[in-house]
Amino acid sequence: MSLIKVDEAREIILGKIEVQGTEKISINDSLGRILAEDIVARRNNPPMDNSAMDGYALIAADIESATPENPVKLDVIEDLAAGYNPETTVKPGQAIRIMTGAPIPEGSDAVIMQEDTERNGNSVLVKDRADVRENIRDAGEDVREGETVIHKGADIRPSHIGMMAVVGRSTVFVGRRPRVAILSTGDEIKDLDEPISGPCIYNSNGYMLSAQIKSAGGIPSYLGIARDDEKDLMEKFKWALQCDMVVSSGGVSVGDYDLVKASLKKMGQEMLFWKVAMKPGKPLAFGRIDDIPIFGLPGNPVSSFVSFEQFVRPSIRKMMGATQLTHRTVQAKLTRTIHKKAGRLHFLSANVQWENGACTVSPAQEQGSGILKSAVNANGLLIFPLELAEIAEGTQVTVQMLE
Ligand code: AMP
Ligand code: MG
């Protein structure tokens, strides 16, 4: 069994994860999905030069001398609403009443806003000058025909959905969401509806992993709890292979009843059993059974949580075709000095705060693989690099943002 760095382990894992197929869905259902095609504009938006204001389209040279005291009088020859083409051409001394979004009439080269005018029947008094092209929006200023407006691999946000509609797309190809089986292991683990007493605990990992899978974009399939028994484990793992990925928790350490490893060794292809140079979450199993990727995460709740975020989330996102696989990080100023032994990278449950433009991070006082409460009160994972033993208060550190 080899000791391996977090980044190295992640790279090996991602190298063995394949991007899944796509599906075509309504843009209304695409929020939060991963875009599986480039979105290309088929026409300019706006389609033609148009007015940015309600006012009058005119010739800038006509009103060069206009002031509130000495307004310039122009003949109004047409009323133009958005959605209609102008019927006339503006000539010197003339103006067209124009609404926001209406096409700029031929002959005119500026729009004066209504607030700088006074209408009098068929004429208008203009009380201010205008630059050539003032209040005119250029054709294609938003998007140009042929332009790629959203790139394949994007996490679809509301503004993306707006842009898809701008370019006329009602449906879009997105990455298929993988179904991910969750298998908890341990004789001491009980499900929430089971009677509980003595040394037993609830299957918190199962429910937490289910939520993590959902938040990564996958579809969780909860398979309950396997006993610390090779036969039961192998049966349940076999059952789990109906999914696109399998995640188990517990049983990958060196204890007498850590039988997940033994079971996977018998069933799996290219199973890797690592000691990852990280804390929490040192033991990790990864491999494939019948080509389905399988993760054996450690059982301690914080270890399971952190290991998922480092290895499983990026894998689910790769399967869906995402460009950004890992959590985004921020640089934040450490609020207190922290210590550890060098040799393993530590992930500390921590709180990032923004105050008066400064970004600070406070690691939870208690850190432990069984202290889930610290994670509950945290919005990020502070990275305490492998080689360091101390980081002084006030130092800029890297934090993975969980929200
Ligand atoms: P293991 O990796 O199986 O040795 O488990 C390590 C620790 O995590 C033990 O204290 C287990 O009781 C605990 N644990 C394992 N599985 C779960 C689970 N599904 N939910 C909560 N705690 C668990
Ligand atoms: Mg166990």
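Residues numbered from 1 in each chain as written. Chains lettered and ligands numbered in written order. Predicted model: local features only at pLDDT ≥ 70, side-chain atom pairs only at ≥ 80, totals over all residues. Heavy atoms only, no water.

### Examining the site of ligand 1
Note the cut-off: We call a residue near a molecule or strand when any one of its heavy atoms sits within 4 Å of it. Counting of polar contacts relies on pairs of N or O atoms within 3.5 Å, with two restrictions inside protein: one atom must be capable of donating a hydrogen and the other of accepting it, and residues adjacent in sequence are counted only when both atoms are side-chain atoms. All accessible-area figures derive from a Shrake-Rupley calculation using a 1.4 Å probe, and residue coverage is judged against the displayed protein chains alone. A 1.4 Å probe that fits into a set of points on a 1 Å grid over the protein atoms alone but cannot get out defines a cavity; an open set with protein on both sides within 12 Å along at least five of seven lines defines a pocket, and lining residues are those with an atom within 4 Å of a point. More than half of a molecule's atoms within 2 Å of the grid points is what it takes for that molecule to sit in a cavity or pocket. Helix and strand definitions here come from DSSP, where helices need a minimum of 4 consecutive H or I residues and strands a minimum of 2 consecutive E residues; each element is numbered from the N-terminal end. Residues are sorted three ways: Asp, Glu, Lys and Arg are charged, Ala, Val, Leu, Ile, Met, Phe, Trp, Tyr, Cys and Pro are nonpolar, and all the rest, Gly among them, are polar.
Surveying the vicinity of ligand 1 reveals 16 residues, the closest of which are E188, N203, G251, G299 and N300. Between ligand 1 and N203, the relevant distance is 2.9 Å, taken from a nitrogen atom to a side-chain nitrogen or oxygen of the residue. A distance of 3.4 Å separates a nitrogen atom of ligand 1 from a polar atom in the backbone of S204. The fraction of the free accessible surface of ligand 1 (490 Å²) that becomes covered by protein chains is 79%. Comparing atom positions with the cavity grids shows ligand 1 to sit within the largest pocket. For the shell around ligand 1, the elements supplying multiple residues, two or more each, are β14 (179–185), β16 (201–202) and α3 (204–216). Residues that form the shell around ligand 1 fall into these classes: four nonpolar, 10 polar and two charged.

### So, the side chain of R317
The test is simple: Residues count as neighbours in contact if any of their non-hydrogen atoms are within 4.5 Å of one another.
The residue R317 is located in helix α6 (residues 301–319) in this model. Those residues in contact with R317 that lie beyond four places of it in its chain are I34, D155, A216, A322, Q324 and L325.

### A word on the domain arrangement of the protein chain
For clarity, the threshold we go by: The domain limits used here are those given by an automatic or database domain assignment.
According to the domain assignment, the protein chain consists of domain 1 (6–21 + 176–319), domain 2 (24–43 + 149–174), domain 3 (50–137) and domain 4 (329–401). Its C-alpha centre places domain 3 at a distance of 60 Å from the equivalent point of domain 4.

### Describing the pattern of salt bridges
Using the following cut-off: In what follows, salt bridge is the name for a side-chain nitrogen of Lys or Arg lying within 4 Å of a carboxyl oxygen of Asp or Glu. When a residue's accessible area, from a 1.4 Å probe over protein chains only, is under 20% of the maximum for its type it is buried; when over 50% it is exposed; and in between it is partly exposed.
This model, assessed by the stated rule, comprises 14 salt bridges. For R133, the salt bridge goes to D138, with nearest N and O atoms at 2.9 Å. Residue D138 is classed as partly exposed on the basis of its relative accessible area of 37%. Ionic pairing is found between E270 and R288, a salt bridge with its closest N-O pair at 2.7 Å. Separated by 18 residues along the polypeptide, E270 in strand β19 (residues 269–276) and R288 in strand β21 (residues 283–289) bring together distant segments of the chain. Here R288 falls in the buried class, since its relative accessible area comes to 14%. A cluster of three or more residues bridged by salt bridges with shared partners is formed by K16, E270 and R288.

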